Amino acid sequence: MPKKIEKMIDFFNNRADNYDDNMRSNIEDFNRFYSKIAMEIKETQREINILDIGCGTGLELEYIFKRVPYAKVFCLDLSERMLNRLKEKYSSKQEQIETRLGSYVKIPFEENEYDYIVSVMTLHHLSNNKKLALCNKIYKALKSNGKYIEGDYIVDQTKEEKIIKEAVKDNAKTDGNYHIDLPFSIESQKQILTESGFKKFNLIYEKNEAAVYSVQR
Ligand SMILES: C[S@@+](CC[C@H](N)C(=O)[O-])C[C@H]1O[C@@H](n2cnc3c(N)ncnc32)[C@H](O)[C@@H]1O
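Residues numbered from 1 in each chain as written. Predicted model: local features only at pLDDT ≥ 70, side-chain atom pairs only at ≥ 80, totals over all residues. Heavy atoms only, no water.

Here the focus is a positive patch on the surface. Residues Lys7, Lys106, Lys130 and Lys173 make up a contiguous surface patch of positive charge. Its relative accessible area of 43% is what places Lys7 among the partly exposed residues. (Patch = residues over 30% accessible without salt bridge, like charges linked within 9 Å, V, L, I, M, F, W, Y side chains within 5 Å. Areas by Shrake-Rupley, 256 points an atom, 1.4 Å probe, with all protein chains shown as cover. Salt bridge = Lys/Arg side-chain N within 4 Å of Asp/Glu carboxyl O. Lys, Arg positive; Asp, Glu negative; His and termini not counted. Charge placed at Lys NZ, Arg CZ, Asp CG, Glu CD. Buried < 20%, exposed > 50% of the residue type's maximum accessible area, 1.4 Å probe, protein only.)

Right, dumping it as structure tokens:
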């Protein structure tokens, strides 16, 4: 029987309550992975601007606020229940956090606005075309010299080709509205980021089919 594909919003709304516990037990090397994301942000007491796309319950924020305690973070997510959990968890930081319910595929980003943009465990549901359009938008939203940091599931190129072929065959909905896993290889992600104009691709972490990398505007 074919697996039922859930809408992205329903998938995460239905799992928001147990999300943090599940991630902590399912991601091997959890602490190291999230620390590597945060370590790409230079420590400062200044009020820098960060955009977190697909922020979920804000697992990465715990690590990020240790390095930039006064950062203003704009948190964007499709799932209201994930955002509600984030707001509960970071109630002491409510002056610094702005949340917005919606899709990063559709919502326009303010241009030249952010010192850093982060996306963690969220872009592996998009087709390459959608990903390219999003990376172009991310590029423009960063200040000059701003940095984009991404952490996600990855696969090797052979597995990536197989996954894409199967998605095409099944006519899978890869517009980002459905919970379909389309993890990419580091090589194709690097290509998309370079095509979007980014420089200095820096692979920081790679283990257990997960990777963290950053690029510079
Ligand atoms: C696996 S969670 C990752 C959450 C968080 N970044 C973390 O590392 O724990 C993926 C999140 O991305 C959100 N998401 C998926 N597609 C999205 C889209 N097109 N626009 C906004 N949020 C999206 C989901 O609602 C979910 O909260």
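Attention shifts here to the site of the ligand. Around the ligand sit 20 residues in total, of which Tyr19, Tyr34, Asp77, Val120 and Thr122 are the nearest. When the free accessible area of the ligand is taken as 600 Å², the share hidden by the protein chains comes to 98%. Looking at side-chain class alone, the shell around the ligand contains 12 nonpolar, 6 polar and 2 charged residues. (Near = heavy atom within 4 Å. Nonpolar A, V, L, I, M, F, W, Y, C, P; charged D, E, K, R; others polar.)

The next subject is the sheet that holds strand 7 (residues 210-216). Within the open sheet, the 7 strands sit side by side as 3-2-1-4-5-7-6. Their pairing is mixed. Unpaired on one side and paired on the other, strand 3 (97-101) and strand 6 (199-207) mark the two borders of the sheet. Pairwise comparison of adjacent strand axes, ignoring direction, gives a mean angle of 15 degrees for this sheet. Taken together, the 5 bridges between strand 1 (residues 49-53) and strand 2 (residues 72-77) define a ladder with parallel strand orientation. Bridge pairing in strand 2 places Asp52 opposite Cys75. The strands touched by helix 6 (residues 128-141) within the sheet are strand 1, strand 4 (114-120) and strand 5 (142-153), with strand 5 carrying the most contacts at an inclination of about 140 degrees. (Pairing = 2+ DSSP bridges. Helix = DSSP H or I, 4+ residues; strand = E, 2+ residues; numbered from the N terminus. Axes fitted to C-alpha atoms, helices over the stretch in contact; angles between N-to-C directions. Contact = heavy atoms within 4.5 Å.)

Glancing now at the pattern of salt bridges. Across all of its chains, the model carries 10 salt bridges by this definition. Put simply, Asp29 and Lys207 hold a salt bridge, and the shortest N to O gap is 3.6 Å. Taken together, the residues Asp29 in the loop between helix 2 (19-26) and helix 3 (30-39) and Lys207 in strand 6 connect sequence positions 178 residues apart. For Lys207, a relative accessible area of 38% corresponds to the partly exposed category. One salt bridge connects Glu88 with Arg85, and the closest N-O pair in it is separated by 3.0 Å. Linking Glu88 with Arg85, this pair stays in helix 5 (residues 80-89), spanning 3 residues, or about one helical turn. A relative accessible area of 54% places Glu88 in the exposed class. Residue classification places Arg85 among the partly exposed positions, given a relative accessible area of 21%. Salt bridges sharing common partners tie together Asp29, Arg32 and Lys207.

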